[in-house]
Amino acid sequence: MSEALNIVKDPTLTYNQELIALAKLGENSDDTIVFSDEYYKAKEAGALCDLGEGKMPYRPRYICPDYDLLFEKGCDFLGLEPPKDLLEAVNALEIFYRHVPSVTTFPVYLGDLDKLLEPFVLKEDRDFAKKVLRLFLLQIDKVLTDSFVHADIGPEDSVTGRLLLELTEEMQLAIPNLTLKYDPEKTSDDFALACVRCMLKSAKPSFANHRMFVKEWGENYAIASCYNGLLKAGGGFTLPRLRLYECSLTAKDVDDFLERELPRYIDLQLEYMDKKVKFCVEEASFFKANFLVTEGFVKQENFTGMFGVVGLAECVNHLLGIEDKKKGFGMNKEATDLGLRIMDVIDKRVSEHVAPYCDATGHRYRLHAQVGIDTDGMDDSPGTRIPIFAEPTMLEQLETNEKFHPYFPTGTGDIFKFEETYEKTPEAILPIIKGSLSRGLRYFSGYLENCDVVRVTGYLVKKSEIEKLKAKKQSLNNVTVFGKGAQEGAHALDRRIQRHEDSTGQ
Amino acid sequence: MPWTEGYSVMRTAPVNKIIPFSNVDGPSNRMAIFFQECPFNCRFCHNPETINMCNNCGDCIRTCPVNALSLKEGKVVWDKDVCVGCDTCIKTCTHNASPKITMMSVDEVLEQVKRVAPYIAGITLSGGECTLRKDFIIELFPKVKEMGLTTLLDSNGYLDFEKESEILEYCDGVMLDVKAYKKDFSDWLIRYPNEVILKNLHYLLSVGKLEEVRTIIFPDRDKENTETVTYVAGVIQDKCRYKIIRYRQFGVRDEHRKELGDLTTDEDYALSFVGLAKSLGASKAMLI
């Protein structure tokens, strides 16, 4: 059977999922972009991975449109006037979203929804505004059927922010992903606490370190897809990843890895990125003819390339000959220190490389801790996370994270699963988040152990939807299948639960 | 002039365990430090291994499956790096003690607090009975306050706080157990006189140091449950939290489980005492 026939006959794929899979097949039939033999060899060995990006970047991987501009000037191509009230505003957004491309075909950034909609919400009766927002969220969940669709709120409290939290908890939907941009000086404890309550019940919002992102990107940044820091009116051209465990397999020892093998793999990934970025800007029509570009909703100079890594823990453990994960990365100083040395090598080499067309990031690519994909299994833990089943206490896990998160302006994060007593004590979680963000944590996610909506590695799925797929039924959300793979292969839903009785030795 | 003048006395206390993040030992996120040893011997105690100091009989050394325990100079020594936490030693001990105790100095405890300080609102000292370590606490608390953290004691009310009020100077509040109001029930239940506990209830309230009161509701003991809840609610009114806790059989010694019941108090039954407390004016009563 041909691959196309497999896709068409698969009863677990919706029509839309078949369409996307067939389009990818078409894209991959072209061989215009050619890489070095060494690149293909490393890819074949699993050391490099293009994350299903496809062979021909006919649009940037992630696009973060300037929605303020839409509300200010409307859109000629779509025939939209600037909205005058809440109904017109959400209608304009719903129409616009349909035309924002990405690697998933769905928009990965929906805007800072509270700021965008607040002026319109304030003009309406609260109940009416809530009903409009309810239908807006329902539209998003049922039409933008992909968990990498992401909206932001904060850092300030707002009526719209509160309504979105209320609805998120009431509706229990996996889409969109949601981030609170948290700043201890701008975000009130009361609003942050409302976000914690909502997060426990619905696995969102996550908390982003606003100050850290502003320092790196300026105020005009977006959190998109899983947890990706990018510029508004810009985005990410491409995101390939080094699978560090596989990279470590060809090294003779630690020094050989740091001095020879790792730089070699880094250079191969840079070669890949340069070629993808150049094609996207120079050959594809997107940056020449797409209305998002011609009307100024995105600017080419605001895009950057995202240099991904995955599996640092397994890489370190392999290099040090550590077989018991519980005694490896994150649990002993030698292993964690080697992790830092590896990150320093990557950070330095990538920052020395002049990247084409990445004007806003000083012609440099920026690092990204990739969250893993469903087929990784237990070989490569997400980014720099401590492997599942080897997690130490929450305190130690945070301390390790705080060392690694600053390396990744284009995104990283960790997830904490809380036992049910935390449902009654959300105020016990806020100081943990605050403390950790102040010490270098970039992105904090959490959920209660008994939730239906859960965060798998960076994206959200409903456990009940995974069950549908297991029963060979279709799931509307394109990402449910990733959740199923990550659950079965990587035990992503079996992460350690924070319980109050967890003690440290004295 | 006492001989210690000008010297730093290295005070130590036996620590059973430290929980860096606790959401159940007082408000917000707190570090909870559990000291070993308690003067009471409550029948319902669900961690009886915290009652006594180890008498170095050595029984547990013989049953430890990983040889984490040994006898050195007549004392049982615990190797925490070898220990796998199976608790066989606790099950072996016939003395209501644990070999897994660390003697810690004030500075060592402070070191632990310092590490966790960015993530917590404060610390809670518990036990065993923490007030047995009165002098340790008097030395520790001012230094914890300097870190901008709050300081709570989780106490069974054994110490006469009015007489020993120095302990309260740098303490933000006491979470007090009032287990039994009537003397005969108290004598049987906790095997210790309860006059001081009741006196502490009044005293701590009068000086604004009563953070919360806790009472356990036992199955099939209407009279005693009602007497205790009625008394406490009448005293505290709306001035502090009143936590009504269900008796749970888990961890209770076999012989006492036979007396008190091999079951957990029914939730609705316990809730009726929250209702009783509220009807008597204790508006901050709640079921835990």
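Residues numbered from 1 in each chain as written. Chains lettered and ligands numbered in written order. Predicted model: local features only at pLDDT ≥ 70, side-chain atom pairs only at ≥ 80, totals over all residues. Heavy atoms only, no water.

Trainee: Got a minute to help me understand the overall build of chain A in this structure?
Mentor: Helices and strands together make up the secondary structure of chain A, namely 20 helices and 17 strands. Projecting the C-alpha coordinates of chain A onto the three principal axes gives extents of approximately 65 × 60 × 50 Å. A total of 506 residues make up chain A; the buried ones form 62% of that total. Contacts in chain A between residues far apart in sequence, at least 24 positions, make up 78% of those at least 6 positions apart. Total accessible area on chain A is roughly 19000 Å²; 52% of this is exposed by carbon and sulfur atoms. (Helix = DSSP H or I, 4+ residues; strand = E, 2+ residues; numbered from the N terminus. Buried < 20%, exposed > 50% of the residue type's maximum accessible area, 1.4 Å probe, protein only. Contact = heavy atoms within 4.5 Å. Areas by Shrake-Rupley, 256 points an atom, 1.4 Å probe, with all protein chains shown as cover.)

Trainee: Is there a simple way to think about the nonpolar core in this case?
Mentor: One recurring pattern in soluble globular proteins is that nonpolar side chains are buried together. A:L117, A:I342, A:I346 and A:F444 are the most contacted members of the largest nonpolar core, which totals 241 residues. Broken down by element, the residue count for this core peaks at 14 residues, all from helix α12 (residues 254–283) of chain A. Contacts of A:F444, omitting those with residues within four sequence positions, involve A:M199, A:S206, A:F207, A:M394, A:L398, A:D414, A:F416, A:F418, A:I429 and A:I433. By size, the runner-up hydrophobic cluster in this structure holds eight residues, among which are B:C60, B:I61, B:L69 and B:C89. (Core = buried A, V, L, I, M, F, W, Y, C linked by side-chain atoms within 4.5 Å.)

Trainee: Help me understand empty space enclosed by the protein, please; the structure alone is not making it clear to me.
Mentor: It is the rolling of a water-molecule-sized probe over the atoms that shows where space remains empty. All names here are of chain A. Tallied over the entire structure, the rule returns eight cavities of 30 Å³ or more. The volume enclosed by the largest cavity comes to roughly 200 Å³. Taken together, 23 residues form the lining of the largest cavity, with D380, S381, P382, I388 and A490 sitting closest to its centre. Considered class by class, the residues forming the lining of the largest cavity number ten nonpolar, five polar and eight charged. Split by domain, the lining of the largest cavity shows at least three residues from each of two domains, domain 2 (37–60 + 235–400) and domain 3 (63–227 + 413–506). (1 Å grid on protein atoms, 1.4 Å probe; cavity = no way out; pocket = protein on both sides within 12 Å on 5 of 7 lines; lining within 4 Å. Points joined across faces, edges and corners; volume = space filled by probe spheres on them. Nonpolar A, V, L, I, M, F, W, Y, C, P; charged D, E, K, R; others polar. Domains from an automatic or database assignment.)

Trainee: Even after reading the chapter, I still don't get the domain arrangement of chain A, so can you show me in this structure?
Mentor: Residues and elements named next belong to chain A. Assigned domains within chain A: domain 1 (1–30), domain 2 (37–60 + 235–400) and domain 3 (63–227 + 413–506). Taking the mean C-alpha position of each, domain 1 and domain 2 sit 28 Å from one another. Counting residues at the interface gives four residues for domain 1, matched by eight residues for domain 2. Together, the buried faces of domain 1 and domain 2 total about 510 Å²; carbon and sulfur atoms form 46% of this surface. Per-residue buried area on domain 1 facing domain 2 is highest for E27, N28 and D30; these three make up 79% of the total on that side. Counting across the domain 1 and domain 2 interface gives zero salt bridges. Put simply, domain 1 and domain 2 have four residue pairs in polar contact (both at pLDDT 80 or more) between them. (Buried area = accessible area lost by both parts, 1.4 Å probe. Salt bridge = Lys/Arg side-chain N within 4 Å of Asp/Glu carboxyl O. Polar contact = N/O pair within 3.5 Å; in protein donor to acceptor, adjacent residues only side chain to side chain.)

Trainee: Could you clarify how one ought to interpret the confidence of the model for chain B in this entry?
Mentor: Detail in the predicted coordinates should be disregarded across regions flagged by low pLDDT. All names here are of chain B. Residues of chain B with pLDDT of at least 70 account for 97%, and the chain-wide mean is 94. Confidence drops under a pLDDT of 50 for residues 1–6, and excluding neighbours within four residues, the segment shows one contact in the predicted structure. Both scores are available for the predicted complex, with the pTM at 0.93 and the ipTM at 0.91. (pLDDT = per-residue confidence, 0-100.)

Trainee: I tried to follow the pattern of salt bridges on my own but got confused; where do I start?
Mentor: Here the idea is simple: oppositely charged side chains can pair when their charged atoms come close. Scanning all chains against the criterion turns up 63 salt bridges over all chains. With a closest N to O distance of 3.8 Å, A:K186 and A:E219 form a salt bridge. With a gap of 33 residues between them, A:K186 in the loop between β4 (177–182) and α9 (189–202) and A:E219 in the loop between α10 (210–217) and β6 (221–224) connect regions that are remote in the sequence. Judged by its relative accessible area of 35%, A:K186 falls in the partly exposed class. The partner of B:K199 in a salt bridge is B:E162, with the nearest N and O atoms 3.5 Å apart.

Trainee: Looking at this structure, how should I read helix α3 (residues 106–116) of chain B?
Mentor: Owing to its 3.6 residues per turn, the α-helix aligns residues three or four sequence positions apart on the same side. Taken residue by residue, α3(B) has B:V106, B:V109, B:L110, B:V113 and B:V116 as its buried positions. Seen along its axis, α3(B) keeps its buried residues to an arc of 125°; they face one direction. Residues of α3(B) that are exposed and angled more than 90 degrees away from the buried face: B:E111 and B:K114. Close packing links the buried residues of α3(B) with α17 (394–404) of chain A together with β1 (12–22), β2 (30–35), β5 (102–105), β6 (122–126) and α4 (134–146) of chain B. (Arc of directions from axis to C-beta.)

Trainee: Hey, could you run me through the side chain of A:N478 in this one?
Mentor: Residue and element names in this part refer to chain A. In this fold, N478 is placed in the loop between α19 (463–470) and α20 (480–490). Taking the relative accessible area as the measure of exposure, N478 reaches 11% and is therefore buried. A polar atom in the side chain of N478 sits 3.0 Å from the side chain of Q17. Ignoring any residue separated from it by four or fewer positions in sequence, one finds N478 in contact with N16, Q17, I20, F106, T145 and D146.

Trainee: For this particular structure, what's the right way to read the packing of helix α8 (residues 159–171) of chain A against α9(A)?
Mentor: For any two helices packed against each other, the geometry comes down to the angle between their axes and how far apart the axes lie. Residue and element names in this part refer to chain A. Interhelical geometry of α8 versus α9 gives an angle of 20° and a closest axis separation of 9 Å. One finds that α8 runs roughly parallel with respect to α9. Seen from above, α8 lies across α9 with left-handed handedness. Contact residues: α8 offers G161, R162, L165, T168 and E169, while α9 offers D190, F191, A194, C195, R197, C198, K201 and S202. Classifying every residue of the contact of α8 with α9 gives five nonpolar, three polar and five charged. (Axes fitted to C-alpha atoms, helices over the stretch in contact; angles between N-to-C directions. Parallel < 35°, antiparallel > 145°, perpendicular 65-115°, else oblique. Left-handed = near helix turned anticlockwise from the far one by under 90°.)

Trainee: How should the domain arrangement of chain B be read in this particular structure?
Mentor: The accessible area lost on association of the parts is a frequent measure of interface size. Each assigned domain of chain B is listed here: domain 1 (1–49 + 103–176), domain 2 (59–92) and domain 3 (178–288). Summarising the inter-unit geometry, the C-alpha centres of domain 1 of chain B and domain 2 of chain B are found 26 Å apart.

Trainee: Which parts of the structure should I look at to understand the interface of chain A and chain B?
Mentor: Facing 25 residues of chain A, the contacting portion of chain B comprises 21 residues. A:E399 is paired through a salt bridge with B:R115; the nearest N and O atoms lie 2.7 Å apart. On the surface where chain A and chain B come into contact, there are six residue pairs in polar contact (both at pLDDT 80 or more). When contributions to the side of chain A that touches chain B are tallied by element, the ones reaching two or more residues are α17 and α18 (430–438) of chain A.

Trainee: How do you make sense of the packing of α19(A) against α20(A) when you look at a structure like this?
Mentor: All names here are of chain A. It is the contact of α19 with α20, at a shortest axis distance of 9 Å, that shows an interaxial angle of 85°. If you check the angle between α19 and α20, you find them roughly perpendicular. Packed against α19, whose contacting residues are E465, I466, L469 and K470, the element α20 presents T480, V481, G483, K484, Q487 and E488 at the interface. A breakdown of the residues in the contact of α19 with α20 according to their chemical character gives three nonpolar, three polar and four charged.

Trainee: Help me understand the pairing of β1(B), please; the structure alone is not making it clear to me.
Mentor: Each regular strand carries side chains that alternate between the two faces of the sheet. Residues and elements named next belong to chain B. β1 sits mainly inside the fold: nine of its eleven residues count as buried. Of the strand pairs in this sheet, β1 and β2 are connected by five bridges, and their pairing is antiparallel. Bridged to I19 within β2 is A32. (Pairing = 2+ DSSP bridges.)

Trainee: Would you take a moment to explain the sheet that holds strand β1 (residues 48–49) of chain A for this structure?
Mentor: Whether parallel or antiparallel, the strands of a sheet pair through hydrogen bonds between backbone atoms. All names here are of chain A. Judged by pairing direction, the sheet is mixed, and its four strands sit side by side in the order β1-β9-β11-β12 without closing on themselves. Looking along the sheet, the strands with just one partner apiece sit at the ends: β1 and β12 (366–369). In this structure, β1 lies alongside strand β9 (residues 241–243), joined through two bridges in antiparallel fashion. By the bridge assignment, L48 is partnered in β9 with L242. Here helix α16 (residues 333–352) sits on the sheet and contacts β11 (306–310) and β12; the angle it forms with β12, its principal contact strand, is near 145°.

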